[in-house]
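If you want the building blocks of each chain, they are given just below.
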Amino acid sequence: MACDAGAARVLSWLCLLALTSRAGGEERARLRGLGKSMPVTATLFAFAMFAALGVSPFFTPDPKPLILHSALACSFWIVPALMVLSSALMAVRTVQAVHGIWLGEGSFVHEDE
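Definitions and cut-offs
- Residues numbered from 1 in each chain as written.
- Predicted model: local features only at pLDDT ≥ 70, side-chain atom pairs only at ≥ 80, totals over all residues.
- Heavy atoms only, no water.
- Helix = DSSP H or I, 4+ residues; strand = E, 2+ residues; numbered from the N terminus.
- Buried < 20%, exposed > 50% of the residue type's maximum accessible area, 1.4 Å probe, protein only.
- Contact = heavy atoms within 4.5 Å.
- Areas by Shrake-Rupley, 256 points an atom, 1.4 Å probe, with all protein chains shown as cover.
- Patch = residues over 30% accessible without salt bridge, like charges linked within 9 Å, V, L, I, M, F, W, Y side chains within 5 Å.
- Salt bridge = Lys/Arg side-chain N within 4 Å of Asp/Glu carboxyl O.
- Expected span 1.5 Å × (residues − 1).

1. Here's the deal with the overall build of the protein chain
- Across its full length, the protein chain carries five helices and zero strands.
- Ordered by position from the N terminus, the helices and strands of the protein chain form the series α-α-α-α-α.
- Within the protein chain, buried positions represent 31% of all 113 residues.
- At a minimum sequence separation of 6, the contacts of the protein chain that also span at least 24 residues come to 63%.
- Split by element, the accessible area of the protein chain, about 7100 Å² in all, is 70% carbon and sulfur.

Written out as structure tokens, the structure is:
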């Protein structure tokens, strides 16, 4: 199931719009456990988010290897470091969001929000 990165991002936003509409608000605490009442939408949201991250088997064509190769060829070491850091942070937040929507628990929402 390969799809374009732009299509994956649009699909994730559409699914998130449907989830927040059902939840009655945009607060992340209201999204907890919606995977049980909206399983198709929550599954599509998870697939789209993992596709946007480039996780196999939902891999999207990505220009990151070209950017990384070019930056390393020019000795711009900060560019690959920032790309790896941003990808790691995005992966953590995506897993937390999918986990919170499906299971309604975990560190998806801080208690003070």
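2. Details of a nonpolar patch on the surface
- Together, Ile-78, Leu-82, Leu-85 and Leu-89 make up a nonpolar patch on the protein surface, roughly 410 Å² of accessible area in all.
- For Leu-89, the location among the structural elements is in helix H5 (residues 78-103).
- Given a relative accessible area of 54%, Leu-89 falls into the exposed group.

3. A short note on H5
- Over its 26 residues, H5 runs 37 Å from end to end, which matches the ideal 38 Å to within 8%, given 1.5 Å per residue.
- Within the sequence span of H5, burial applies to Pro-80, Met-83, Thr-94, Gln-96, Ala-97, Val-98, Gly-100 and Ile-101.
- Phi turns positive one or two residues past the end of H5, at Gly-104, with a value near 70°.

Distances and angles like these do not, on their own, reveal function.
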